[in-house]
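So the chains spell out like this:
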Amino acid sequence: MVELLPLWSAGLAVGLALTSALVALFSGRVVSLLRILAMPLFALAGLAALVAGLSAMVQGDILTAQLPLGLPWLPWRVRLDALAGFFLCVIGVVSFAVGIYGGGYVRGLEHGRDSLPVLGGFSGLFLTGMLLVVLADDAFMFMVSWELMSLSSYFLVALHHDQAANRRAAFLYLLMAHVGGLSILLGYGVLAAFGDGFAFEAMRSSELTFGWASVAFVLAFIGFGMKAGLVPLHVWLPEAHPVAPSHISALMSGVMLKVAVYGFIRFVFDLIGEIHWQWGVAVLAVGSISALMGVLYALMQQDIKRLLAYSSVENIGIIFIGLGLALLFLGTGHKMLAVVAFVAALYHTINHALFKGLLFLGAGAILHSAHERNLEQMGGLLRRMPWTGAFFLIGCISIAALPPFNGFVSEWLTFQAALQSWQLDSGVLRSLIPITAAVLALTGALAAACFLKVYGVAFLGRARSRHVRRARQVPPSMRAGQGVLALLCLLLGVLPTFVIALLNVVPQQILGQGLIQATSQGWLWLTPISPETASYGAPLVTITLALMLIAGLWLFGRGIRRVKRCDAWDSGFAPPNPRMQYTATAFAQPIRRVFGLLFHIDEGVKLQPDGRRRYQLNVNDRLWELLYLPVARGVERAARQVVRLQSGNVRTYLSWTLATLLVLLWIMA
Amino acid sequence: MSLSSWGVALLQALLYLALAPLLAGWVRKVKARLQNRRGASLLQPYRDLYKLFGKEARMAHTASPLFRAAPYIVFTATWLAASAIPFIATGLPTAAVADVIVIAGLLALARFFLALAGMDVGTAFGGMGASREMFVSALAEPAMLMAVFTLAMTAHSTNLSSMVDYQLLHSDILRPSYMFALTGLVLVALAETGRIPVDNPGTHLELTMIHEAMILEYSGRHLALMEWAAQLKLLLYGVLLVNVFFPWGMAQGIHPGALTIGLLVVMTKLLLLGAVLAASETALAKMRLFRVPAMLNLALLLALLGLLSYVILEV
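So, here's what we can say about the structure. Counting restarts for each chain: residues are numbered from 1 in the order of the written sequence. Written order determines the labels here, with chains lettered from A and ligands numbered from 1. Confidence filtering applies because this is a predicted model: local features only for residues at pLDDT of at least 70, side-chain atom pairs given and counted only at 80 or more, and all residues used for totals across whole chains, interfaces and linings.

### As for the overall build of chain B
Okay, so step 1: Within chain B one finds 12 helices and one strand.
Okay, so step 2: Secondary structure elements are defined from DSSP: runs of H or I of at least 4 residues count as helices, runs of E of at least 2 residues count as strands, and each element is numbered from the N terminus. Reading chain B from its N end, one meets helices and strands in the order α-α-β-α-α-α-α-α-α-α-α-α-α.
Okay, so step 3: We take the radius of gyration over the C-alpha atoms and set the globule estimate at 2.2 Å times the residue count to the 0.38 power. For 315 residues, the compact-globule estimate of 2.2 N^0.38 gives 20 Å, and chain B sits close to it at 19 Å.
Okay, so step 4: With the C-alpha coordinates aligned to their principal axes, the bounding extent of chain B is approximately 55 × 45 × 45 Å.
Okay, so step 5: Put simply, a residue is buried when 20 or more other C-beta atoms lie within 10 Å of its own C-beta and exposed when 12 or fewer do; between those, it is partly exposed, and each C-beta is set from the backbone. For chain B, buried positions account for 63% of its 315 residues.
Okay, so step 6: With C-beta atoms placed from the backbone, a contact is any residue pair whose C-beta atoms sit within 7 Å. Here the analysis covers contacts within chain B between residues at least 6 apart in sequence; of these, 81% occur between residues at least 24 apart.

Written out as structure tokens, the structure is:
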């Protein structure tokens, strides 16, 4: 019984998520049902998934079961191994926090125009879809759950469909999700053709030639990369994620992107079979470009949720840098180094889920109490919302990869893996990886600038508009949801050895080797390669920092001695007013100027009809005009050609149908 | 790792605190002499700190609690980063607690809070300083990491103590990668410590300020901590340059005699470095802000060249 706990718990999670969806359907009549019952059920589903994932990782067994669902010759099979367990943890922990937070958040929507049954129902289905993707053991169930996840999140993106921009974002999301889904389906098709069957077990035993394996890899990379938001397939992400309600944005950015990462790992590391280093180079290159472009675009945003969405592109890029290094090391036969890079990628996966979830919940709290998403209108929120401000600061420090928080640990591990590139035989690869490391370093520094901008403009200084000045503290449940994630950000940063000891079973099962040496020096020392090569005493750093801070405060601060207040000095000019503060745009101006070539900048002074002049600045994605608009125009042109067939005559249509049928029959024969 | 080596590590950390104002005073003194002034005494930075600690601290009405906490965080993070860099001896346990990436991370943490404090009061200068600081550091940090990665790859370790040991052991080889890395790191150090030609620590002239703009609102003990942290950072980069690239004379154990020699040697090296810094600050003019990226890109390019010349030529 105990050995089946993970499976039962995972089943319970799916059941609870479905119940939450079902309960929410009745919230049209009883408005408070969503808050009182559906969201707690959602949190419980997250908790059950967390228990399932943790117990599966601790046990280290592979559990399988067969569901009484699916096609007659292809019953749905579920499988819970360490990799699935890890991703259940990622889904579970964020869903748990979102469930707690959602209770307070949806209260603000109860008297609005939003349809609560749609919100609650699709939230539950969304969670169900994500859980089932991770549990699936055959391509059929995987694709059905994948589409469930994509479609239910589409309805959540389209929740505020009264605005044209939101409808456009939702449509773009739907379109991209389906192109990606198609690509994944074709990828599974290649594996199934060689492996004789859609079960993952059959695919694992298939033997592909390099050519076909590469075709499958490219299809999977495009499909999962599109869902994960890798550049240049990311354009839907900054449109769709900000539009959804904030706790759903947290799920989409924090968790759904990770499900895509899961799909990629399952497909490439587990199912394809032999791994070739050329794939690693491709993943590394795309990951590096995503990381850099993501953070640069994030820096240019003024909408806080859009900024966070672009920053997800950056973090997914960092995860794929780790995965690319792992592929590269695997393909050249350095398994131990591959494990380091793989663990770094997994570590960043859970880290990003935690801090991005936290930051989106924080943005939701601002939206809830100040009704504002535009950074240029914010300011001084730390004094009005101290708890949210403190948690948001933790999120910012974590995502900026600063010690002693969690983002730093995964970045440190990625650097350690990259620094082992001297062991490679090929001179080209040896010199390629340091360039990636340089990109990663630049990304980290720019991310710090980006989140400094967010925090400094939103929470510090003085309010730039009246409604932000009136912002109030959010309800306790919303604070608790953020608090859970903030605490975990700290714990994962301070105690990396425990996390890696737990994570170890994933590479053991997937790659056949664990990272035992990382924790061999006791829990104080993280030594991923060997104690001589590199070590990081995260608990010691944290304790020393804390002790020195306390000592400093005790010596000079003498507890909470009152400090006399006065006007701001500001070099002795006239007393500063809120409009004299640096804005978000001004803050990013030097960086915009240096990296100007990468953006499509539309800047100028326009003469208004009333004779006043107005400064305008638009920074847009350059990829739109380079990649997407030509494709869109091409599709439109092709559609115009097809219109010629549309004569309006039924007999013509019937003859076309007959001709198609004949051609198909001829092909089949 | 015995108790006595932790003791030496603590001593080394305290030495950093004690000597940081001295280096700042020395640079100022040499600069004054080069400009035909007599200059203030070498002990003037200590007197300034003492005076500031005794003065009353004031805060703006609009300042948040973060403004008050920031000086302590900036100071402790900088000090912790410094104490992990081998100063007079190698093989100390502090180098294992924080390797060179952690040191860069701690410095980034200090900078993050420094810039947050700049934005906290809501003045135009504070925001300007914060924006410029993050701009400069965003370009300088990758260059710094690339430069130290060159050494780390050569020594097969990111532990600074091992890197120094490796350099001591293989000092007979002249490595082109080290030359590149050294030049890159010197440029980065100028930018990160806010010296001419990137920033001028001696002026409050509004349009050129970076570091001073962020700490404009501080007074009393808060200002003292911020100033001390800046002096620590100068010493930190100085020690990093002289000890990693020219480590001869450092103690390789915790023998008191070797430690004394190590201290004397490193002080001589730092005095020389300080004199060179003063001379270059006298000879150079401050750059326009938008010329700085060119300089830092050069630093990044040099550091990357160092790394590439290592992986291509020297493996």
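Now, onward.
### Concerning the overall build of chain A
Okay, so step 1: Helices and strands together make up the secondary structure of chain A, namely 25 helices and five strands.
Okay, so step 2: If one aligns the C-alpha atoms of chain A with their principal axes, the spans along those axes are about 90 × 70 × 60 Å.
Okay, so step 3: Taking all 669 residues of chain A together, the buried fraction comes to 57%.

### Observations concerning the interface of chain A and chain B
Okay, so step 1: At the junction of the two partners, chain A supplies 66 residues and chain B supplies 71 residues.
Okay, so step 2: Within the residue set of the side of chain A that touches chain B, elements represented by two or more residues are helix H14 (381-384), helix H16 (406-418), helix H17 (427-458), helix H22 (538-557), strand S3 (564-566) and helix H23 (584-594) of chain A.
Okay, so step 3: If you tally residues by element for the side of chain A that touches chain B, the top one is H17 of chain A, at 15 residues.
Okay, so step 4: A strand pair is defined by DSSP finding two or more bridges across the two strands. Taken together, the three bridges between S3 of chain A and strand S1 (residues 58-60) of chain B define a ladder with parallel strand orientation. Bridging from a neighbouring strand, Lys 564 of chain A pairs with Arg 58 of chain B of S1 of chain B.

### Re the pairing of strand S4 (residues 599-607) of chain A
All names here are of chain A.
Okay, so step 1: Judged by how many residues are buried, S4 sits mostly at the surface: zero of nine residues are covered.
Okay, so step 2: Examined bridge by bridge, S4 and strand S5 (residues 613-621) share nine bridges and lie antiparallel to one another. Bridging from a neighbouring strand, Gly 604 pairs with Gln 616 of S5.
Okay, so step 3: Connecting the antiparallel pair S4 and S5 is a turn made up of five residues, with Gly 611 showing a positive phi of about 90 degrees.

### Quick notes on the environment of Leu 664 of chain A
All names here are of chain A.
Okay, so step 1: Note that Leu 664 resides in helix H25 (residues 650-668).
Okay, so step 2: Classification of Leu 664 as exposed rests on a count of 10 C-beta atoms within 10 Å.
Okay, so step 3: Considering only alpha carbons, one finds Leu 664 and Gly 181, 483 residues apart in sequence, at a separation of 25 Å.

### Concerning unusual backbone geometry
Okay, so step 1: Cis rather than trans, the peptide bond between Val 231 of chain A and Pro 232 of chain A has omega equal to 10 degrees.
Okay, so step 2: Mapped onto the secondary structure, Pro 232 of chain A falls in the loop between helix H8 (210-228) and helix H9 (236-240).
Okay, so step 3: Here the amide bond leading from Ile 196 of chain B into Pro 197 of chain B is cis, since omega sits at 15 degrees, within 30 degrees of zero.
Okay, so step 4: Along the chain, Pro 197 of chain B falls in the loop between helix H8 (176-192) and helix H9 (211-214).
Okay, so step 5: With a phi close to 55 degrees, His 371 of chain A is a non-glycine residue in the positive phi region.
Okay, so step 6: By secondary structure assignment, the location of His 371 of chain A is in the loop between helix H13 (335-370) and H14.
Okay, so step 7: A residue is classified by how many C-beta atoms lie within 10 Å of it, and His 371 of chain A, with 13 of them, is partly exposed.

### Section: the packing of H16 of chain A against H17 of chain A
All names here are of chain A.
Okay, so step 1: Put simply, H16 and H17 touch, their axes get as near as 10 Å, and they point 160 degrees apart. In terms of axis orientation, H16 runs roughly antiparallel to H17. Viewed along their axes, H16 and H17 form a crossing whose handedness is left-handed. On H17, the residues touching Glu 411, Thr 414, Phe 415 and Ala 418 of H16 are Ile 433, Thr 436, Ala 437, Leu 440 and Gly 444.
Okay, so step 2: Amino acids outside the nonpolar list (Ala, Val, Leu, Ile, Met, Phe, Trp, Tyr, Cys, Pro) and the charged list (Asp, Glu, Lys, Arg) are all regarded as polar, and Gly is one of them. Classifying every residue of the contact of H16 with H17 gives five nonpolar, three polar and one charged. Orientation is described by lines fitted to C-alpha atoms, with helices fitted over the stretch in contact, and by angles between N-to-C directions that extend from 0 to 180 degrees. Any angle from 65 to 115 degrees is called roughly perpendicular, while one under 35 is roughly parallel, one over 145 is roughly antiparallel, and all others are oblique. Left-handed describes a crossing whose near helix is turned anticlockwise from the far helix by less than a right angle; the clockwise case is right-handed.

### Some points on the environment of Ser 520 of chain A
Residue and element names in this part refer to chain A.
Okay, so step 1: Mapped onto the elements of the fold, Ser 520 is located in the loop between helix H21 (505-510) and H22.
Okay, so step 2: For Ser 520, a count of 12 C-beta atoms within 10 Å translates into the label exposed.
Okay, so step 3: Considered as a pair, Ser 520 and Ser 530 are 10 residues apart in the sequence and their alpha carbons are 8.9 Å apart.

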